Amino acid sequence: MFYQSSRSDDLTATSAKSILEGIAPDGGLYSVKDLDGVGFDWKAVLKMDTRSMAVKILSALLPSFSEEEMRAIVEAGYHEKFDTEELTPTVSVGEDTILELFRGPTSAFKDVALSLLPRLMVASGHKCGSTDEILILTATSGDTGKAAMEGFRDVPGTRILVFYPYGSVSQVQELQMTTQEGKNVLACAVKGNFDDAQRGVKNIFGNALIAEELKKNAIRLSSANSINIGRLAPQVVYYFKAYADLIQKGTILLGEKVDFCVPTGNFGDILAGYFAKELGLPVGKLICASNANNVLTDFLSTGRFDSRREFFRTESPSMDILVPSNLERMLFMLCKDAAQVSNMMASLKSDGVYEVPEQIFNRLTDIFWPGCCGDEGTEQSIGEVWKQFGYLMDTHTAVAWNVAQQYKKANPDHAPVVILSTASPYKFPEAVLRAIGESKGKDPFDDMEKLKEVTGTAVPKNLSGLRERPVRHHDVIECKDMADYVVKMALKKAW
Ligand SMILES: *Cc1c(COP(=O)(O)O)cnc(C)c1O
């Protein structure tokens, strides 16, 4: 199975090359037209433990790797990183099932993929005949940076440099990054907003002089953001895991459909659900849950994508996205026509808007059910679920919960619903306290303590220990100095 750019039939790549490069040279995403050729035995994996499932699914989706090689990557990547052997357990809450994806080292679902990506990337480099050191550059608005640092920490052959906007991430997020340990990790604040940091990183990637200078020193730049196929593939696994759990619990019989409700930002998580469906898993509807930035709700209800709208800062910040980049991959899988996707993306770039043909829209309607919920509904859901079931949700999960209830009301003959839970409530303690009718404390650590006392739930160790950890990364720079900083740091042998 070969990947190709979603914008050009000529740009094909092995799975290893797709991972190493991250994005295709024409700006398209490495994609496949369908998964028919994979010949995957979906029933066989349901009896396996989570790691073995991951080995089977990942080596099917990334055929550059043998099962044996993938086994080594999975075992090393997840070794002692998650607080449960299951990695992603399910919990019954009322008549629904919550799939907990936040039990990893940074308490956010991005850990599932970012625990494996560094090793996939190093191995991909070897397969592509490159022995260069891989230097990951990432701009982050908060969560991705930390999860990536933790993932790449002390992985031989890699270093990671994260830029975050000075004064624009939460105190907890900043501490998560500035206290990060590891010989090969670096966090640096940039005097600007997230878009400035992002633009700075993109400019560095596009700078041939820098690439040449680094190449002379056997260093190659790469990116860990969610358009990398190496981040998408590991997320397919937990859909199978959840399905297997429902069989185990007697909620469904083998072959019966399950609906999945996904709190969506960049469309990576939910696209992984579509991959699971294409591999044969009996996925009913994929419920696409958005917050007030409901560009996807509108798109999936009308077929017209329009990013020209007000941007809202919400209580579910990881979903505050107006241009979900992985949507391009979905469109390619439906159109199977790179020229058509290329035209739509050109229209998005020039006018901020595009429209899909009717038959594509009908397919989208078949696969997805869109819904959204604002901050008020988010808090209301957290409060209700806590009161009624004693289960504490974070703000992102609560958006999905709220939309799942809307979906069930509108579709009385729905299948059993699995709601994906993407973060620990302790990552957003102030909003969660307010939602359950408690006042906030004097700082986020106070809030965590209070949340623990009031609810009797446990604070994840990675968060409670933050206050005591020494700050290791102090650098603050001007945006214009980012490129110089990268070169200077890249050439420095020890960080
Ligand atoms: C990144 C993130 C999301 C959105 O996932 P996408 O793959 O971008 O759609 C949802 N919730 C949390 C907590 C996240 O960190």
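Student: Looking at this structure, how should I read the overall build of the protein?
Tutor: Looking only at helices and strands, the protein has 22 helices and 16 strands in total. The C-alpha radius of gyration computed for the protein amounts to 21 Å, which stays within 12% of the reference 23 Å derived for 495 residues, consistent with globular compactness. Considering only C-alpha atoms, the protein reaches an extent of 60 × 55 × 45 Å along its principal axes. Long-range contacts, defined here as pairs at least 24 residues apart, represent 74% of the contacts in the protein between residues at least 6 apart.

Student: Please explain the site of the ligand as it appears in this structure.
Tutor: The local shell around the ligand holds 15 residues, among which Lys110, Gly265, Asn266, Asp269 and Thr422 are the closest. Between the ligand and Phe267, the relevant distance is 3.1 Å, taken from an oxygen atom to a main-chain nitrogen or oxygen of the residue. For the ligand, whose unbound accessible area comes to 390 Å², protein coverage reaches 97%. When its residues are assigned to classes, the shell around the ligand shows five nonpolar, seven polar and three charged.

Student: Can you help me understand the packing of helix 3 (residues 50-61) against helix 4 (residues 67-78) in this one?
Tutor: Axes are the key here: two packed helices are described by the angle between their axes and the distance separating the axes. Relative to each other, helix 3 and helix 4 sit at 130°, their axes nearing to 9 Å. Viewed along their axes, helix 3 and helix 4 adopt a mutual orientation that is oblique. You can see that helix 3 and helix 4 cross each other, and the crossing is right-handed. Of the residues in helix 4, those in contact with Arg51, Ser52, Ala54, Val55, Lys56, Leu58 and Ser59 of helix 3 are Glu67, Met70, Arg71, Val74, Glu75 and Tyr78.

Student: It is not clear to me how the environment of Val112 should be interpreted in this structure. Could you clarify?
Tutor: Structurally, the position occupied by Val112 is in helix 5 (residues 110-114). Separated by 35 residues in sequence, Val112 and Ala147 place their C-alpha atoms 9.3 Å apart.

Student: When you look at the sheet that holds strand 11 (residues 283-290) in this model, what are you seeing that I'm missing?
Tutor: Two orientations exist for strands paired in a sheet by backbone hydrogen bonds: parallel and antiparallel. Across the sheet, six strands lie side by side as 4-5-15-10-11-14; this open sheet has mixed pairing. In the strand order of this sheet, the two ends are held by strand 4 (90-93) and strand 14 (368-372), each with one partner. Pairs of neighbouring strands in the sheet enclose a mean axial angle of 25°, with direction left out of account. On the sheet, helix 11 (residues 229-248) packs against strand 4, strand 5 (96-100), strand 10 (258-263), strand 11 and strand 15 (417-421) and is oriented at approximately 135° with respect to strand 10.

Student: I tried to follow empty space enclosed by the protein on my own but got confused; where do I start?
Tutor: If you roll a probe as big as a water molecule over the atoms, it shows you where there is empty space left. In total, this model carries two cavities of 30 Å³ or more according to the counting rule given. In this model, the largest cavity occupies a volume close to 60 Å³. Here the lining of the largest cavity takes three residues from helix 11, the largest share from any one element. When its residues are assigned to classes, the lining of the largest cavity shows seven nonpolar, two polar and no charged. By volume, the second largest cavity amounts to about 30 Å³.

Student: Help me understand the pattern of salt bridges in this model?
Tutor: Side chains carrying opposite charge are able to pair once their charged atoms draw close together. Applying the stated criterion across every chain, the model contains 32 salt bridges. We note a salt bridge from Glu86 to Lys241, for which the minimum N-O separation is 2.8 Å. Residue Glu86 is found in the loop between helix 4 and strand 4, and its partner Lys241 is found in helix 11; the two are separated by 155 residues along the sequence. The class of Glu86 is partly exposed, set by a relative accessible area of 34%. With its nearest N and O atoms 4.0 Å apart, the salt bridge here joins Glu150 to Lys146. Residue Glu150 and its partner Lys146 are located together in helix 7 (residues 143-152), separated by four residues, close to a single helical turn. Taken together, the shared-partner salt bridges in this structure form one network comprising Glu315, Glu379, Glu430, Arg434 and Lys440.

Criteria and thresholds
- Residues numbered from 1 in each chain as written.
- Predicted model: local features only at pLDDT ≥ 70, side-chain atom pairs only at ≥ 80, totals over all residues.
- Heavy atoms only, no water.
- Helix = DSSP H or I, 4+ residues; strand = E, 2+ residues; numbered from the N terminus.
- Rg over C-alpha atoms; globule rule 2.2 N^0.38 Å.
- Contact = heavy atoms within 4.5 Å.
- Near = heavy atom within 4 Å.
- Polar contact = N/O pair within 3.5 Å; in protein donor to acceptor, adjacent residues only side chain to side chain.
- Areas by Shrake-Rupley, 256 points an atom, 1.4 Å probe, with all protein chains shown as cover.
- Nonpolar A, V, L, I, M, F, W, Y, C, P; charged D, E, K, R; others polar.
- Axes fitted to C-alpha atoms, helices over the stretch in contact; angles between N-to-C directions.
- Parallel < 35°, antiparallel > 145°, perpendicular 65-115°, else oblique.
- Left-handed = near helix turned anticlockwise from the far one by under 90°.
- Pairing = 2+ DSSP bridges.
- 1 Å grid on protein atoms, 1.4 Å probe; cavity = no way out; pocket = protein on both sides within 12 Å on 5 of 7 lines; lining within 4 Å.
- Points joined across faces, edges and corners; volume = space filled by probe spheres on them.
- Salt bridge = Lys/Arg side-chain N within 4 Å of Asp/Glu carboxyl O.
- Buried < 20%, exposed > 50% of the residue type's maximum accessible area, 1.4 Å probe, protein only.

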